[in-house]
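As a plain string of letters, each chain reads:
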Amino acid sequence: IQSIEHRANLDTIEIEGIPLIDLSLSHTTDINLLVSEIGNACKNWGFFQVINHGVPLELLEKIKVAAKAFFDQPVEEKRKVKRDEVNAMGYHESEHTKNVRDWKEVFDFLIKDPSFLPASPETEDDEIRTLSNQWPETPPQFREVCQTYAREVEKLGYKLLELISLSLGLPSNRLNGYFEDHTTMMRLNHYPPCPCPELALGVGRHKDAGALTIVAQDDVGGLQVRRKSDEVWVPVKPTPNALVINVGDTIQVWSNEAYESVEHRVVVNSERERFSIPVFFFPSHYVMVKPLEELVNEGNPPKYKPYNFGKFFVARNRSDYKKLEVQNIQISDFKII
Ligand code: OGA
Ligand code: NI
């Protein structure tokens, strides 16, 4: 269970929510307008929703059906594709966030199969590990729907990276090179009803380690964002046909904190199960993440030391399986004070 200070207040509250941005250019006569909307949302919230995002709506529906069909199976069936410390992809039912168990089960797969990551977080160890997907035999079509959806979201991911680059005053393709051998992962989340929703969280408060996350959610609600202006937990209202976007740690560092990765969590409830489908955009493992040279100068020196994305990522994920004695690694460990 969560310690008292991290438990959610389950009263429903109506407060100013995250921006909703229409990505269709016909509505915004000028791309500069769209770019500035994206820039403002990244700067003020770190979170926004998009509509007219180009991911076919029938696919969005299909992936939610596929997620439900997979998790509805008996646990013995799901455990056939169980992930472990060697193979990090597949089904997992006991993830921890900040050393507290999450009230959820997940299925993870890579968009690029195989992908490559360091074998260990140790700097002296330069062994690279090959990661590949595990696919269940049932439900039929599960794999196909997952892969088709992932490809569409990948396109949207590049489009958003381009808009974000432009919003930082950079050429649109400035960030693309970091994703040549990306380690991007898609996750299906299932949050079952919880008998004690005031004590647990579906996912404990955390920031996403990658560049960008694109989340599809159903109509149940539960995702909350820590509003930058006053640190109040704000619900992300389920919006038909919309996708939720958030800036991760990597963009925080690249932008030298012009954009910040914002804390978020998932609240559970005792009545309805919830499904959500995030795609986490992760750079290639060998990328050294550091503030972009174009964005730093004498008056705005780099706020972070360079770090190897793969090593950082592997170190961070070590705490997924068990409680560690110490808090796991965060980008603040690379902060130049
Ligand atoms: C995550 C996450 C949000 C959600 O998996 O990192 O923040 O709505 N999920 O499930
Ligand atoms: Ni998250």
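Residues numbered from 1 in each chain as written. Chains lettered and ligands numbered in written order. Predicted model: local features only at pLDDT ≥ 70, side-chain atom pairs only at ≥ 80, totals over all residues. Heavy atoms only, no water.

## Comments concerning the overall build of the chain
Here is step 1: Tallying secondary structure elements over the chain gives 6 helices and 18 strands in all.
Here is step 2: In terms of C-alpha radius of gyration, the chain reaches 19 Å, essentially the compact-globule figure of 20 Å for 337 residues.
Here is step 3: Summarising its shape, the C-alpha atoms of the chain cover approximately 60 × 50 × 45 Å along the three principal directions.
Here is step 4: Per-residue burial for the chain yields a buried fraction of 54% across its 337 residues.
Here is step 5: Considering only intrachain contacts with a sequence separation of at least 6, the fraction spanning at least 24 residues in the chain is 78%.
Here is step 6: Put simply, the chain shows about 15500 Å² of open surface, and 51% of that area lies on carbon and sulfur atoms.
Here is step 7: Positive and negative charge centroids in the chain, built from 39 and 50 side chains respectively, lie 2 Å apart. (Helix = DSSP H or I, 4+ residues; strand = E, 2+ residues; numbered from the N terminus. Rg over C-alpha atoms; globule rule 2.2 N^0.38 Å. Buried < 20%, exposed > 50% of the residue type's maximum accessible area, 1.4 Å probe, protein only. Contact = heavy atoms within 4.5 Å. Areas by Shrake-Rupley, 256 points an atom, 1.4 Å probe, with all protein chains shown as cover. Lys, Arg positive; Asp, Glu negative; His and termini not counted. Charge placed at Lys NZ, Arg CZ, Asp CG, Glu CD.)

## Digging into the packing of helix α1 (residues 31–44) against helix α4 (residues 142–167)
Here is step 1: Contact pair α1 / α4: the axes reach a minimum separation of 8 Å and the direction vectors enclose 90°. Judged by the angle between their axes, α1 and α4 are roughly perpendicular. Side by side, α1 and α4 meet where I31, L34, V35, I38, G39 and C42 of the first sit next to L160, L163, I164, L166 and S167 of the second.
Here is step 2: Among the residues making up the contact of α1 with α4, the classes are represented as 9 nonpolar, 2 polar and no charged. (Axes fitted to C-alpha atoms, helices over the stretch in contact; angles between N-to-C directions. Parallel < 35°, antiparallel > 145°, perpendicular 65-115°, else oblique. Nonpolar A, V, L, I, M, F, W, Y, C, P; charged D, E, K, R; others polar.)

## Structural notes on the nonpolar core
One broad trend across soluble globular proteins is that nonpolar side chains are buried collectively.
Here is step 1: Grouped together as the largest cluster of nonpolar side chains are 76 residues, with contacts concentrated most on I38, F107, Y149 and L188.
Here is step 2: Sorting elements by how many residues they give to this core places α4 first, with 11 residues.
Here is step 3: The contacts of L188, once residues within four sequence positions are left out, are I63, A67, F71, E105, V106, F107, F142, C146, S276 and I277.
Here is step 4: Counting residues in hydrophobic clusters, the runner-up holds 15 residues, among them I18, Y191, V236 and V244. (Core = buried A, V, L, I, M, F, W, Y, C linked by side-chain atoms within 4.5 Å.)

## Some remarks on the coordination of the nickel ion (ligand 2)
Here is step 1: H206 (NE2), D208 (OD) and H264 (NE2) make up the full set of protein donors to the nickel ion (ligand 2), lying at 2.1 to 2.2 Å.
Here is step 2: Each donor residue of the nickel ion (ligand 2) belongs to the same chain, and together they define the spacing H-x1-D-x55-H. Of this pair, D208 sits in the loop between β10 (203–206) and β11 (212–217) while H264 is found in strand β15 (residues 264–266), placing the two residues 56 residues apart along the sequence.
Here is step 3: Assessed through its relative accessible area of 6%, H264 is described here as buried. (Donors = N, O, S within 2.8 Å, 3.2 Å for Na, K, Ca; no water.)

## Side note on the environment of N9
Here is step 1: Its place among the elements puts N9 in the segment before β1 (20–22).
Here is step 2: Residues N9 and V267, spaced 258 residues apart in sequence, show a C-alpha to C-alpha distance of 9.1 Å.

## Side note on the packing of aromatic side chains
Here is step 1: Per the stated rule, a full pass over the model turns up 20 aromatic pairs.
Here is step 2: Where F70 meets F107, the ring centres are 5.2 Å apart and the plane angle is 55°; that geometry is what we call tilted. Residue F70 is located in helix α2 (residues 57–71), and its partner F107 is located in strand β6 (residues 105–110); the two are separated by 37 residues in the primary sequence. Of the two residues, F70 and F107, neither departs from the other in class, the shared state being buried.
Here is step 3: When the ring of Y158 is compared with that of F179, the centres are 6.5 Å apart and the planes differ by 80°; the resulting orientation is edge-to-face. Pair noted here: Y158 is in helix α4 and F179 is in the loop between α4 and β9 (185–191), with a separation of 21 residues, a long-range link. (Phe/Tyr/Trp six-rings, centres within 6.5 Å; stacked < 30°, edge-to-face > 60°.)

## Some words on the pattern of salt bridges
Here is step 1: Scanning the model with the defined rule gives 22 salt bridges in all.
Here is step 2: The salt bridge partner of K228 is E260, with a shortest N-O separation of 2.9 Å. Residue K228 is found in the loop between β12 (223–226) and β13 (233–235), and its partner E260 is found in the loop between α5 (249–254) and β15; the two are separated by 32 residues along the sequence.
Here is step 3: Judged by its relative accessible area of 31%, K228 falls in the partly exposed class.
Here is step 4: The exposure class of E260 is partly exposed, given its relative accessible area of 29%.
Here is step 5: Overlapping salt bridges, with partners in common, bring together R83, E95, D102, K104, D108 and R187 in one network. (Salt bridge = Lys/Arg side-chain N within 4 Å of Asp/Glu carboxyl O.)

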